[in-house]
Amino acid sequence: CCCCCCCCQVGANMGVVGMCKEHLGVALALKVPVFFVITKVDICPEHVLKNTVQSLASILKKPGVRKKPYLVRGHGEVLTAARNITSDSLAPIFLTSAVTGRQMRHTATCGGQAAAD
């Protein structure tokens, strides 16, 4: 079995829940690169989304995790994230919406590029 990376989903309106933390722990234990997809940004109030991103960033910076949150906003950042996802220090974060299609293509590009590397 070979895994190139782990995708952890976080509901923008729900925040970082226990299961997400557990999945991050498993990815860290298995030394699998991880990226995060924050979903439902279209229905989430801006202040709640900001809180979710800050909460995730706080978890990623903790001593046991030591990852740098990397908010992906454009195509150039997608390529940077894909090239560096195998480093132990980077954790790309995508803000997505299945309704509007926001960053859905970027998420697929990152995963595909990481698999190719």
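That block above? That's the structure.
Thresholds, definitions, all that
- Residues numbered from 1 in each chain as written.
- Predicted model: local features only at pLDDT ≥ 70, side-chain atom pairs only at ≥ 80, totals over all residues.
- Heavy atoms only, no water.
- Phe/Tyr/Trp six-rings, centres within 6.5 Å; stacked < 30°, edge-to-face > 60°.
- Helix = DSSP H or I, 4+ residues; strand = E, 2+ residues; numbered from the N terminus.
- Buried < 20%, exposed > 50% of the residue type's maximum accessible area, 1.4 Å probe, protein only.
- Pairing = 2+ DSSP bridges.
- Axes fitted to C-alpha atoms, helices over the stretch in contact; angles between N-to-C directions.
- Contact = heavy atoms within 4.5 Å.

A. Main features of the packing of aromatic side chains. Evaluation of the coordinates by the stated rule reveals one aromatic pair. Centre to centre, the rings of Phe35 and Phe94 are 5.9 Å apart; their planes meet at 80 degrees, and the pair counts as edge-to-face. Taken together, the residues Phe35 in strand E2 (residues 34-39) and Phe94 in strand E4 (residues 90-95) connect sequence positions 59 residues apart. The class of Phe35 is buried, set by a relative accessible area of 6%.

B. How the structure looks around the sheet that holds strand E1 (residues 6-11). Spatially, four strands are ordered E1-E2-E4-E3 in an open sheet, and the strand pairing comes out parallel. One side of each edge strand has no neighbouring strand; the edge strands of this open sheet are E1 and strand E3 (68-72). Across this sheet, the average inter-strand angle for adjacent strands is 25 degrees, counted without regard to direction. Where E2 and E4 come together, three bridges link them in parallel fashion. Considered in E4, the bridge of Ile38 is made with Leu95. Sheet contacts for helix H1 (residues 18-30): E1 and E2; angle to E1, the most-contacted strand, approximately 165 degrees.

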